[in-house]
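# Report on the structure
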Amino acid sequence: MNLDSFPRPDCSDLIVRKGTNCEKWDRLDQVYGRDDLLPMWVADMDLPVPPEVVKAIKLRAGHPAYGYTFRPDSYYQAFIDWALRRHGWQINFEWLSDAPGVIPALALCINALTDPGDQILIQTPVYGPFYHVVSSNNRKLATSPLLEDRGYYRMNYDDLAAKFAKGVKMLILCNPHNPVGRVWTLDELRHLGELCLAYDVKIVADEIWADLVFPPFKYHPMAAAGHELARQTITLMAPSKTFNIAGLHNSVAVIPNKEWKRSYDQATKRAYLGFANVFSVTAFTAAYCHGGEWLDQLLPYLKSNCDQVVAALDGYCSLRVRPPEGTYLVWLDFRGLELDQDLLIRMLVEHGKIGLSDGRFFGREGDGFMRMNVGCPRSMVMDGISRIKKSIACLSGETESEYEV
Ligand SMILES: Cc1ncc(COP(=O)(O)O)c(C=O)c1O
């Protein structure tokens, strides 16, 4: 791969995304009340997609017919080969179903495999739409808060067993976990899987972050974590986070359980979601076929962005930050500042001019936290760190210049 097409570690060039209907850059005003902020919130990257993807889309765009399009065998094969190559996971062709995104796929799973009023459990804090997709589909939300010890999060198996015993029908797992950055180990997944099997809880594993894991940590598919788990698990994956193509809306559902797959596919049909987006099919296939080398270069870059934040902010004015094991999201613990969360956000927005994700978006356990997206050039990460320090300095009345990084 040509390194010139990739932002080098010292790259200060930022892709200009303002004015492109970009959620992260063009909706600042709506979310934070002003548009002059450094946006480090929405989970996509301010980095260019793999050049192979751009090339494939340009080639396809050159053919001037953009009519109804289906997903060909080569599309599925690209994903199957990727899962085997990168994760050692052998997926069968007949297990694969579609959705325009992982959250839409979650909604389809809920409708296909549970009934209104059923309890669905999530492990909190967790990606905000997990809450909404359960409640807006008229299911009852059950939560099992993760156990936290100085920024390190673990599953609470006793609590899970107690909640499962009360009739939970489905678990939505986040593996790796947004926002706490854990990449669940095989032992953790097995333990969780045993509980789900014991209480007959269906598992929907959102594994959208699977490819963005920093060695020595390793992603393990929940469905392959134990003998019986394939038939008990639907896995949702997508190239959107990995290759920064979330705007193309495409994902896969891996459903080895034949009966569940039939129900899922019927739900897809009922919603008339059968066709695919022309460019999305092209990008998906190109990314999974040719994006491996690009990803190999991206991962250390993201890891070192995370490390910069930890080095600069962990211990700074009682902030606590742990390096994430995967993703490009850093979970910042501001609780030591003992600030009201609204005041904390105001301080970051008005003094630091930075837009981070409010920890409460991930549930009540996120109070006192902010999530920082470091999927961007290093210069932007350093700017973000500087703005956070400036915000805190303003609060304590210090001079801004002392806090330059
Ligand atoms: C855990 C998780 N699942 C799903 C999504 C969104 O997936 P999609 O855009 O495919 O619906 C995100 C986006 O940040 C996420 O973090």
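Residues numbered from 1 in each chain as written. Predicted model: local features only at pLDDT ≥ 70, side-chain atom pairs only at ≥ 80, totals over all residues. Heavy atoms only, no water.

### Here we look at the pairing of strand β13 (residues 354–358)
As a general feature of sheets, a regular strand has side chains that alternate between the two faces. Keep this limit in mind: Whether a residue is buried, partly exposed or exposed follows from its accessible area with a 1.4 Å probe, protein chains only, as a fraction of its type maximum: under 20%, in between, or over 50%, in that order. Strands here are runs of E lasting at least two residues and helices are runs of H or I lasting at least four, both read from the DSSP assignment and numbered beginning at the N terminus. Strands were regarded as paired on the criterion that DSSP finds at least two bridges between them.
Counting buried residues along β13, four of its five residues qualify, which places the element largely inside the surrounding structure. Where strand β1 (residues 38–40) lies against β13, three bridges are found, and the strand directions are parallel. Bridge pairing links P39 to G355 in β13. One ladder, built from two bridges, connects β13 with strand β14 (residues 369–373); its direction is antiparallel. Following the sheet pairing, S357 is matched in β14 by R371.

### Thoughts on the site of the ligand
Heads up, the rule is: If even one non-hydrogen atom of a residue comes within 4 Å of a molecule or strand, that residue is called near it. Under the rule applied, a polar contact is a pair of N or O atoms within 3.5 Å (in protein, one hydrogen donor and one hydrogen acceptor; residues adjacent in sequence only if both atoms are side-chain atoms). All accessible areas in this document rest on Shrake-Rupley with a 1.4 Å probe, and a residue is counted as covered only by the protein chains that are shown. As a working rule, the residues Ala, Val, Leu, Ile, Met, Phe, Trp, Tyr, Cys and Pro are called nonpolar, Asp, Glu, Lys and Arg charged, and the rest polar, with Gly in that last group.
Taken together, the neighbourhood of the ligand is formed by A43, G101, V102, I103, P104, Y127, C174, N178, D206, I208, W209 and K241. Within the side chain of N178, a nitrogen or oxygen atom sits 2.7 Å from an oxygen atom of the ligand. Measuring from a nitrogen atom of the ligand, one finds a side-chain N or O atom of D206 at 2.5 Å. About the coverage of the ligand: the protein hides 90% of its 400 Å² of free accessible area. Sort the elements by how many residues they give to the shell around the ligand and helix α5 (residues 102–113) lands first, with three residues. The class makeup of the residues in the shell around the ligand is eight nonpolar, two polar and two charged.

### A word on the environment of N373
Spelled out, the test is: By definition, residues are in contact when any of their heavy atoms lie within 4.5 Å.
Inspection of the secondary structure puts N373 in strand β14. C-alpha of N373 to C-alpha of L329: the two residues are 44 residues apart in sequence and 4.7 Å apart in space. What N373 contacts, discounting residues up to four positions off in sequence, is K24, M40, W41, V42, A43, D44, Y328 and L329. There is a polar contact of 2.7 Å between the side chain of N373 and the backbone nitrogen of G375.

### What to know about the pattern of salt bridges
Which entries qualify depends on this criterion: Definition used for salt bridges: Asp or Glu carboxyl oxygen within 4 Å of a side-chain nitrogen of Lys or Arg.
The final tally for this structure, using the stated rule, is 20 salt bridges. The partner of R86 in a salt bridge is D296, with the nearest N and O atoms 3.0 Å apart. Of this pair, R86 sits in helix α4 (residues 73–87) while D296 sits in helix α11 (residues 292–313), and the two are 210 residues apart along the sequence. Classification of R86 as partly exposed rests on a relative accessible area of 26%. The shortest N-O distance in the salt bridge between K261 and D265 comes to 2.7 Å. Of this pair, K261 and D265 both sit in helix α9 (residues 258–270), four residues apart, which is roughly one turn of that helix.

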